[in-house]
Amino acid sequence: MQKTTWLGLAYSVPINPSKARVYVWRKLKEFGAEYLKQGMAVLPYSTHNSQQFTVLAQKIRQMGGEALLVELRFTDPKDEAEMVERFQKQMEEEYQALRSDCINTANSLRAQEQPPGSKESEQIKQMIKRYRKAKARDYFKIAIASEIEDGINEIIDTMRELAGDVGAQLKRLMEA
C-alpha cells in the first residue's frame, strides 16, 4: 500500500451554543472527513482539502474554539489501511444509496410514456448533484462509482428518448 500524507484538524469548540458543534460536525461530514480520535478529524492531503480545513479552522477560532492543522503519516501500515477502509466504507454506503436511487428512477422512467414532470426532473438533478459531491469525496476511488455514472447516463438517455417520443407525437398531432 502506498503511504498517504494526511491532514489532521484537531479542534475543540465551546459547549454552548451547541450550534457551533453542529456546524463543525456538518462541515466535516460534507468534506468526507473521518475521526482519528475525538476532536481530531483527518482527510487525505490535497490542496483542496487543506483549504477546506484552513477555512474551517478559522471559523472554529471565530466561534471561540481552538483549532490546530497538521500533516501526518501513519507509521504502522495496518493503522493506515484501517483508516483507508473507513473512507472506503463511507463512500460505499453513499454510493449504494445512489445506486438504489438510480435503479428506482430508471425503472420509473421506463414505465412512463412521457418525460418526467418538474418534480421528477428536480429529483434527478438532485441525484446528479449528490453524485458529483460524493465523487469529489471519493479519495480512494471506489469501483462502484462507475456503476452510478452509468446509471445516471442511462436515466439521461431514457429522458432523451421520452422527450423525442413526445416531440414526435406532438408533431403528428399538428399534421393531423
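Okay, so let's go over this structure. A quick note: this is a predicted structure, and the numbers were derived from the prediction, not measured.

Quick notes on the rules
- Residues numbered from 1 in each chain as written.
- Predicted model: local features only at pLDDT ≥ 70, side-chain atom pairs only at ≥ 80, totals over all residues.
- Heavy atoms only, no water.
- Pairing = 2+ DSSP bridges.
- Helix = DSSP H or I, 4+ residues; strand = E, 2+ residues; numbered from the N terminus.
- Axes fitted to C-alpha atoms, helices over the stretch in contact; angles between N-to-C directions.
- Core = buried A, V, L, I, M, F, W, Y, C linked by side-chain atoms within 4.5 Å.
- Buried < 20%, exposed > 50% of the residue type's maximum accessible area, 1.4 Å probe, protein only.
- Phe/Tyr/Trp six-rings, centres within 6.5 Å; stacked < 30°, edge-to-face > 60°.
- Lys NZ or Arg CZ within 6 Å of the ring centre and 35° of its normal.
- Polar contact = N/O pair within 3.5 Å; in protein donor to acceptor, adjacent residues only side chain to side chain.
- Contact = heavy atoms within 4.5 Å.
- Expected span 1.5 Å × (residues − 1).

**Some points on the sheet that holds strand S4 (residues 66-72)**
Strand order in the open sheet formed by four strands is S2-S3-S1-S4, and the pairing between neighbours is antiparallel. Strands with a single pairing partner mark the edges of an open sheet, and in this sheet they are strand S2 (34-37) and S4. If you compare each strand with its neighbour and ignore which way they point, the axes differ by 30° on average. Two strands pair when backbone bridges link them, and strand S1 (residues 6-12) and S4 are joined in this way by seven bridges, in the antiparallel orientation. Its bridge partner being in S4, Trp6 is matched across the sheet by Leu72.

**Section: the nonpolar core**
Buried together is how nonpolar side chains tend to be arranged in soluble globular proteins. Counting residues in each nonpolar core, the largest one holds 23 residues, and the members touching the most others are Trp6, Leu9, Leu28, Phe53 and Ile60. Mapped onto this core, the elements with two or more residues apiece are S1, helix H1 (18-31), strand S3 (40-44), helix H2 (47-62), S4 and helix H3 (77-111). Grouped together as the second largest cluster of nonpolar side chains are 17 residues, Met91, Cys102, Ile148 and Leu162 included.

**Thoughts on the packing of aromatic side chains**
Geometrically, a pair of aromatic rings is defined through the distance of the ring centres and the angle of the planes. This model, assessed by the stated rule, comprises seven aromatic pairs. Seen from their ring centres, Tyr95 and Tyr131 are 6.5 Å apart, and the 40° between their planes marks the pair as tilted. Here the residue Tyr95 occupies a position in helix H3, and Tyr131 occupies one in helix H4 (residues 118-136), the gap between them amounting to 36 residues. When its relative accessible area of 0% is taken as the criterion, Tyr95 is described as buried. Members of the aromatic cluster, each reached through a chain of ring pairs, are Trp6, Phe74, Phe87, Tyr139 and Phe140. Across from the ring centre of Tyr23, 5.5 Å away, lies the NZ or CZ of Lys59, which sits over that ring.

**Some thoughts on the side chain of Thr5**
Mapped onto the elements of the fold, Thr5 is located in the segment before S1. Within polar-contact distance, the side chain of Thr5 engages the side chain of Arg73 at 3.0 Å. What Thr5 contacts, discounting residues up to four positions off in sequence, is Pro44, Tyr45, Glu71, Leu72 and Arg73.

**Points about H3**
With 35 residues, H3 extends 50 Å from end C-alpha to end C-alpha; this agrees with the ideal 51 Å at 1.5 Å per step. By the burial criterion, the buried members of H3 are Glu80, Met83, Val84, Phe87, Gln90, Met91, Tyr95, Leu98, Cys102, Thr105, Ala106 and Leu109. The opening residue of H3 is Asp76, an N-cap whose side-chain oxygen sits 2.9 Å from the backbone nitrogen of Lys78.

So yeah, pure geometry; function would need other evidence.
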